[in-house]
Amino acid sequence: MGNNFNRKEGAIGVFDSGYGGLTILSEIRSLMPHYDYIYLGDNARAPYGNRSFEIVYRFTLQAVEWFFSQGCHLIILACNTASAKALRSIQENDLPLLDPQRRVLGIIRPTVESINDFTKTGHIGVFGTEGTIQSQSYELEIKKLHPHLFVTGEACPMWVPLVENNEHNNPGADYFVKQHIDRLLKKDPHIDTLILGCTHYPLLIKKIKQYLPEYIHVIAQGKYVAKSLKNYLERHPEMNEKCRKNGTIRFFTTESPEKFSQQASLFLNKKIKAQNINIDTLC
Ligand code: DGL
């Protein structure tokens, strides 16, 4: 796995703290199957949700540098926590030094662009990790695009561990799903549109819909991120040229590759084989 930094073309990098970003990758891949992809889950250090700004930034930057060493020119942070806490610093401070021609994109903006189509009451709910909710990134982005909307966030710190530990379909998950729905709707009973602002949460969507009033529209991010990436590549032919198109996909994890392969195969509904890497020696 030498250093491929200088390659003219590379795979599109997709990053998450763990398995959640696979929900984004599978939508991107089904819209654009001919591109090459590299997925990295930092499972050894997940969850990121309750970690400080500094730590999420450092871990994410290490991942970005690793993707660059693999020849990626374009990276998607398929993690709301990393998008909320690390994206801006990396774009503004690190990219100009590392390589101003490469791009790191987040997933909050493309999600927010979709919401105005759905809400009638103008009241939006956001479920996310503690980091994402505390950062108020959704609220800020929504207000920029749609200043008339009301936004209420609810942090769900137990949901990512449920997914990472493959407990999301088990009866124990019901308690925590219902708890956060009740809390959110108590804070704002007028919500009619709900953003799943964490890439792990689509795995809980069946249970979420079971406890949510039917009139509430639930937004899972994958489709919107995929559409926005396609649009980005159409608008940036110079970047599109640097994205290799052999239809391949490779998986890497900072934890056990056997465990990742087994879990990811469940997420993606097909068998995959992951490799282990260590990224904490970078930066
Ligand atoms: N899946 C990530 C997100 O979208 C982070 C989950 C975590 O590591 O806490 O926020």
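Here we summarise the structure given alongside this text. (Residues numbered from 1 in each chain as written. Predicted model: local features only at pLDDT ≥ 70, side-chain atom pairs only at ≥ 80, totals over all residues. Heavy atoms only, no water.)

Turning to the pairing of strand S3 (residues 74-77), a few remarks are in order. Here S3 shows two buried faces, one formed by Leu-74 and Ile-76 and the other by Ile-75 and Leu-77. Here strand S1 (residues 12-16) pairs with S3 via four bridges, running parallel. Residue pairing across strands places Phe-15 opposite Leu-77, the latter belonging to S3. Of the strand pairs in this sheet, S3 and strand S4 (residues 103-105) are connected by three bridges, and their pairing is parallel. The partner of Leu-74 across the bridge, within S4, is Arg-103. (Buried < 20%, exposed > 50% of the residue type's maximum accessible area, 1.4 Å probe, protein only. Helix = DSSP H or I, 4+ residues; strand = E, 2+ residues; numbered from the N terminus. Pairing = 2+ DSSP bridges.)

Moving on to the nonpolar core. General note: in soluble globular proteins, nonpolar side chains tend to be found buried as a group. Membership of the largest hydrophobic core comes to 51 residues, with the highest contact counts inside it found for Leu-22, Phe-127, Trp-159, Ile-208, Leu-233, Phe-251 and Phe-260. Among the nonpolar cores identified, the runner-up in size contains 27 residues, and Leu-61, Trp-66, Cys-72 and Ile-90 belong to it. (Core = buried A, V, L, I, M, F, W, Y, C linked by side-chain atoms within 4.5 Å.)

Next up on the list: the side chain of Asp-16. Here Asp-16 is to be found in strand S1. Buried charge without a salt bridge: Asp-16, with Arg-51 as the nearest opposite-charge side chain at an N-O distance of 12 Å. Here Gly-18 takes part through its backbone nitrogen, which lies 3.2 Å from a polar atom of the side chain of Asp-16. Those residues in contact with Asp-16 that sit more than four places away from it in its chain are Gly-21, Tyr-39, Leu-40, Gly-41, Asp-42, Ala-78, Cys-79, Thr-199 and His-200. (Lys, Arg positive; Asp, Glu negative; His and termini not counted. Salt bridge = Lys/Arg side-chain N within 4 Å of Asp/Glu carboxyl O. Polar contact = N/O pair within 3.5 Å; in protein donor to acceptor, adjacent residues only side chain to side chain. Contact = heavy atoms within 4.5 Å.)

Time to look at the packing of aromatic side chains. For the structure shown, the criterion picks out 14 aromatic pairs. Between Phe-5 and Phe-68 the ring centres are 6.4 Å apart and the planes differ by 80 degrees, which places this aromatic pair in the edge-to-face class. Taken as a pair, Phe-5 in the segment before S1 and Phe-68 in helix H2 (residues 53-69) lie far apart in primary sequence, 63 residues in all. With a relative accessible area of 1%, Phe-68 lands in the buried category. (Phe/Tyr/Trp six-rings, centres within 6.5 Å; stacked < 30°, edge-to-face > 60°.)

To continue, consider helix H13 (residues 257-268). The terminal C-alpha atoms of H13 lie 16 Å apart, and with 12 residues this matches the ideal 16 Å at 1.5 Å per residue to within 8%. Among the residues of H13, those classed as buried are Pro-257, Phe-260, Ser-261, Gln-263, Ala-264, Ser-265, Phe-267 and Leu-268. Packed against the buried residues of H13 are helix H1 (22-31), strand S2 (37-41), helix H8 (159-164), strand S9 (249-253) and strand S10 (274-276). Asn-269 occupies a position one or two residues after H13 and carries a positive phi of about 60 degrees. (Expected span 1.5 Å × (residues − 1).)

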